[in-house]
Every structure is written in structure tokens, then in C-alpha cells.
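Here is how the chains run, residue by residue.
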Amino acid sequence: MSQLYRKAYYNGSATELSQLPDDQGYEVAFAGRSNAGKSSAINCITGISALARTSKTPGRTQMINFFSFDDERALVDLPGYGYAKVPEKMKLKWQHTLAQYLETRQCLRGMMLMMDVRHPLKPFDIQMLTWANQADLAVHILLTKSDKLKKGAGKQSLLSVRNELQKLSLKASVQLFSSLNKSGKEEAIQKLDNWFEVTDNTLPSSGD
């Protein structure tokens with residue numbers, strides 16, 4: 001595993017696009033329905049168990065949260081959507097904010113989109129994919145909670161999602177992922193390494 005991600009630290013939040021850090025360096029967004037296991041995936045990938053807030057009440061996080069790895073690279077935790085018990089007006093405002101962020105952020109290199117493997121491609125998942133595709137933004141889907149399915153059922157869900165994306169003419173790579181048993185973690189990290197342009201020179205020395 002790249003030691004870069006173990007360097008993650010919380011580096012601020014924003015509720016408006018005007019509050020975002022300078023548009024420079026490399027950012028990768030993490031998005032997903034409020035009950036798709038997004039915070040758990042962030043904690044699993046970084047190896048820092050309490051980095052992103054997890055809650056028994058899905059949708060608790062209502063801000064864009066920044067977790068930096070170094071001066072150039074940051075993971076951006078986007079607000080959970082779909083299940084969150086928030087007023088419709090606020091939900092619509094967040095949808096507009098998310099769309100604007102995906103379409104206008106120049107330093108955004110890709111988006112990890114979390115979907116529960118048992119309930120993939122809900123309407124707002126498709127909306128996020130549509131926005132990303134319109135912005136020519138690369139998307140990698142993590143079908144989370146794959147430990148909840150037997151191996152054969154997981155593979156079937158993976159194939160089904162790929163086929164459905166093709167039917168909808170939506171571009172995204174897809175994999176199975178489990179924060180619980182860490183399956184799929186290395187594949188997800190390889191994708192992040194590509195987006196962040198991680199090289200051997202990027203990584204901290206063993207003396208750090």
C-alpha cells in the first residue's frame with residue numbers, strides 16, 4: 001500500500017464553492033449515497049480508522065470535507081445524498097453545488113463513486129455519473145459491502161452494473177470493494193495512484 005495515504009489529515013470543510021481551497025494540485029472526490037459506506041471506504045483506504053466520520057445516522061456529514069496527503073494532493077469527501085433526512089430545498093441546493101464542483105473544478109482528477117453492491121445505480125448515482133461524464137471526469141465505482149454477498153453473487157452484480165452502464169452510455173470503471181475484509185483495497189489504491197500521479201519519489205522515506 002502507498003504510504004502516502006497514511007499521511008492523510010483533515011484540512012478543512014466548505015459549504016459553498018466560494019469556500020473551497022485554491023484550485024490547484026490534485027483532488028479526487030469521494031461520493032455516494034449516505035448509506036453506501038463512503039466514510040468506511042475512506043478510512044479503509046487510508047488505514048486511519050477515525051479519519052472520516054462514520055455515523056449510525058446516514059447523511060450526518062453535510063459539508064465538503066478535505067483530507068490532504070501533502071501540499072499538492074487531497075481527497076475530497078462530498079456530502080452524502082439520497083437517504084439524508086434534510087429538507088428538500090437543502091437537498092436541491094447541495095445537488096446544484098455538487099454539479100458545479102464536478103463541472104468547474106480544474107484540479108479534480110477523478111471521482112470514486114460508492115454504491116452498495118446490493119443496491120447499485122440508484123437515480124442519483126446515475127445523476128452523478130451523468131454530471132461527471134458531461135465534465136469529462138473519470139469515474140471509478142466501488143461496489144461496497146461486497147462481503148454481504150457470496151462470491152458468485154458479487155461477480156454477477158459487477159457484471160450487471162457494467163452491462164447497465166453500457167446500456168445507459170455512461171463511462172466508468174467498476175470493482176467490488178469491502179471495508180470490512182479489505183478486499184478490493186489494492187485495486188482502489190492503484191486507481192488513486194494513477195489519478196494523483198504517485199511515483200516512488202512521491203512517497204515519504206522510511207525515516208519519516
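Structural data are supplied above this passage.
Here goes a summary of the coordinates provided. (Residues numbered from 1 in each chain as written. Predicted model: local features only at pLDDT ≥ 70, side-chain atom pairs only at ≥ 80, totals over all residues. Heavy atoms only, no water.)

### Some thoughts on the overall build of the protein
- What the protein contains, in helices and strands, is five helices and seven strands.
- The linear arrangement of helices and strands in the protein, starting from the amino end, is β-β-α-β-β-α-β-α-β-α-β-α.
- If you take every contact in the protein between residues at least 6 apart in sequence, the share linking residues at least 24 apart comes to 77%. (Helix = DSSP H or I, 4+ residues; strand = E, 2+ residues; numbered from the N terminus. Contact = heavy atoms within 4.5 Å.)

### Points about the nonpolar core
- L78, L102, M111, M128, L129 and I141 are the most contacted members of the largest nonpolar core, which has 33 residues in total.
- Elements that contribute at least two residues to this core include exactly β2 (26–32), β3 (64–68), α2 (88–104), β5 (108–116), α3 (123–134), β6 (139–144) and α4 (151–167).
- Judged by nonpolar contacts, the second largest core, of 26 residues, contains F30, C44, L142 and W195. (Core = buried A, V, L, I, M, F, W, Y, C linked by side-chain atoms within 4.5 Å. Buried < 20%, exposed > 50% of the residue type's maximum accessible area, 1.4 Å probe, protein only.)

### Topic: the side chain of S178
- Among the secondary structure elements, S178 is positioned in the loop between β7 (173–176) and α5 (185–196).
- Within the local environment of S178, its side chain forms a polar contact with the side chain of D147, the two groups lying 2.6 Å apart. (Polar contact = N/O pair within 3.5 Å; in protein donor to acceptor, adjacent residues only side chain to side chain.)

### Description of the sheet that holds strand β1 (residues 9–14)
- Reading across from one edge, β1-β3-β4-β2-β5-β6-β7 is the order of the seven strands in this open sheet, with mixed pairing throughout. Two strands close off the open sheet at either side, each with one partner strand: β1 and β7. Ignoring which end each strand starts from, the neighbouring axes of this sheet average 25° apart.
- One ladder, built from five bridges, connects β2 with strand β4 (residues 73–77); its direction is parallel. Bridging from a neighbouring strand, F30 pairs with D77 of β4.
- The strands that α3 touches are β2, β5 and β6; relative to β5, the one it contacts most, it runs at about 165°.
- Across the face of the sheet, α4 comes into contact with β6 and β7 while running at roughly 165° to β7. (Pairing = 2+ DSSP bridges. Axes fitted to C-alpha atoms, helices over the stretch in contact; angles between N-to-C directions.)

### Quick look at unusual backbone geometry
- Of note in the backbone geometry, L121 takes a positive phi value of approximately 55° without being a glycine.
- Despite not being glycine, E197 has its phi angle at roughly 55°, a positive value.
- Summarising the element assignment, E197 is placed in the segment after α5.

### Thoughts on the side chain of S68
- If you trace the backbone, S68 turns up in strand β3.
- Note on S68: relative accessible area 6%, which makes it buried.
- Of the polar contacts made by the side chain of S68, one reaches the side chain of N11; its length is 2.9 Å.
- Once residues within four sequence positions are removed from consideration, S68 is found in contact with K7, A8, Y9, N11, R73 and A74.

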